[in-house]
Amino acid sequence: MKHTIKFKVKALRKMPEFTGIPGERYIAMVSVTQLPKDIPTAPNPREPNINRRIWKTVQRELYNVGCTPNAFHLKNKGITIIADRVNNKLRKGSADSICEIVFDDDQDHGIVDGGHTFHLLCENQEKIAKYNKMHTDKINQYVKLEILAGYDHSLIPEIARGLNTGIQVKETSLADLSGKFECIKEALSVEPAIAAKVSYNENGRNPIMVTDIVRMLYCFNVVHFRKGDPSAAYSRVSTCLKHFIAHPTIYEPLSEHAVVLGKLANYIGATARQVWNSGQNARGGALTIIATAKANPFQFHFLGTDSPYKLEHAVLYPILSAFRCFLQWDEDKKVFYWTKSYTEMCDIWDEYGRTMLTTAKDKNYGSTLNLKGKNPQLWKMLHLEMQLNNL
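These numbers come from a predicted model, not from an experiment.

Draft legend 1. Examining the overall build of the chain more closely. In terms of regular secondary structure, the chain is built from 17 helices and 16 strands. Taking 2.2 N^0.38 as the reference for a compact globule, 391 residues should give roughly 21 Å; the C-alpha atoms of the chain span a radius of gyration of 29 Å, well beyond that estimate. With 391 residues in all, the chain has 45% of them scored as buried. When contacts within the chain are restricted to residue pairs at least 6 apart in sequence, those whose partners lie at least 24 apart make up 71%. In the form shown here, the chain has an accessible surface area of approximately 20500 Å², with 50% of it arising from carbon and sulfur atoms. Treating the 50 positive side-chain charges of the chain as one cloud and the 40 negative ones as another, the clouds have centres 3 Å apart.

See below:
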């Protein structure tokens, strides 16, 4: 059984099919308030869930909150529809056209991609119309429709599968695209060998993720965490990234010390077993907080070395963060400066590291590595120990 849906569009264009596959492609631009609510959604393989955080952000942009007004159609990929055929009827004396889409209910026609966008727009149409009646700053948003008409029914599952396997662009890639990591790139430029090993998006193949550097900077943000708790550096990467983006006046000057932080983290991680074994009756191999490589040795890219042992991240981050007591912030000059050199901090680790490892392995701070890394009391105790040992 076939049925037709008619609605106004601002523009409707037929696109050529270059491959010879029978069918027609149309691109239509339609006002979000004119989008018909009765478009079928049968082919879409995903049940829409617009309660997720990303869709809350999309909804804010739909209402022009915190973004360029009325640019929704430039940031949203739109809605793809499978149909039987399309008719375009130009209205005399009007810039608008009437688009007629014919659906065959027996052929799984309807929205094949963009179901989340469709449901979000349908839920907000009346609110937008009501807003526009009461305000002069009109919400004038458009959405793109791509209509695939007359294609063989056997192609529909392939089209649906292909369109719904896209990977969401993550916050890291968006931050890089917006230039948020330029301060880190500039700081690393003094060490080209290190800079070449850093990836600035989640699909990068370089071994150092920029988020690892952001986490270390978060650990040493003495403006916000002089006595506070930067334990999110271990457990919540997204929190660190958001904090980094929200406070450029702090993290830009702090990024100048990224190389030192990376080298110090590598030194602590690579020498932890050796430091532990420097004590009496010590067996670093029996420590769960120190990992042993099963095949290839662990790589420490800031130092350009490797080792069959490394300190687990759940303990590395709170220990590394304890060294922030040697970093100071000059409020007048807006710069960070060290009270100890990198070499001096390595010497301090060599001398007091075993005490810190003893604290970290204490089960009172967590029976598992994950619990230790998330325990703010462990972070505070290690920081206190570092301060007391270096008065």
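After presenting the structure, the write-up continues.
Draft legend 2. Local environment of the packing of helix α13 (residues 258-277) against helix α14 (residues 313-322). Packing of α13 against α14 brings their axes to within 10 Å, and their N-to-C directions diverge by 125 degrees. Between α13 and α14, the interaxial angle falls into the category oblique. You can see that α13 and α14 cross each other, and the crossing is right-handed. From α13, Leu-261, Leu-264, Ala-265, Ile-268 and Gly-269 reach across to α14, where they touch Leu-316, Ile-319 and Leu-320. Considering only residue class, the contact of α13 with α14 consists of seven nonpolar, one polar and no charged.

Draft legend 3. Main features of the environment of Thr-249. Mapping Thr-249 onto the fold places it in helix α12 (residues 248-254). Owing to a relative accessible area of 62%, Thr-249 belongs among the exposed residues under this scheme. With 86 residues separating them along the chain, Thr-249 and Val-335 place their C-alpha atoms 9.7 Å apart.

What counts and how
- Residues numbered from 1 in each chain as written.
- Predicted model: local features only at pLDDT ≥ 70, side-chain atom pairs only at ≥ 80, totals over all residues.
- Heavy atoms only, no water.
- Helix = DSSP H or I, 4+ residues; strand = E, 2+ residues; numbered from the N terminus.
- Rg over C-alpha atoms; globule rule 2.2 N^0.38 Å.
- Buried < 20%, exposed > 50% of the residue type's maximum accessible area, 1.4 Å probe, protein only.
- Contact = heavy atoms within 4.5 Å.
- Areas by Shrake-Rupley, 256 points an atom, 1.4 Å probe, with all protein chains shown as cover.
- Lys, Arg positive; Asp, Glu negative; His and termini not counted.
- Charge placed at Lys NZ, Arg CZ, Asp CG, Glu CD.
- Axes fitted to C-alpha atoms, helices over the stretch in contact; angles between N-to-C directions.
- Parallel < 35°, antiparallel > 145°, perpendicular 65-115°, else oblique.
- Left-handed = near helix turned anticlockwise from the far one by under 90°.
- Nonpolar A, V, L, I, M, F, W, Y, C, P; charged D, E, K, R; others polar.

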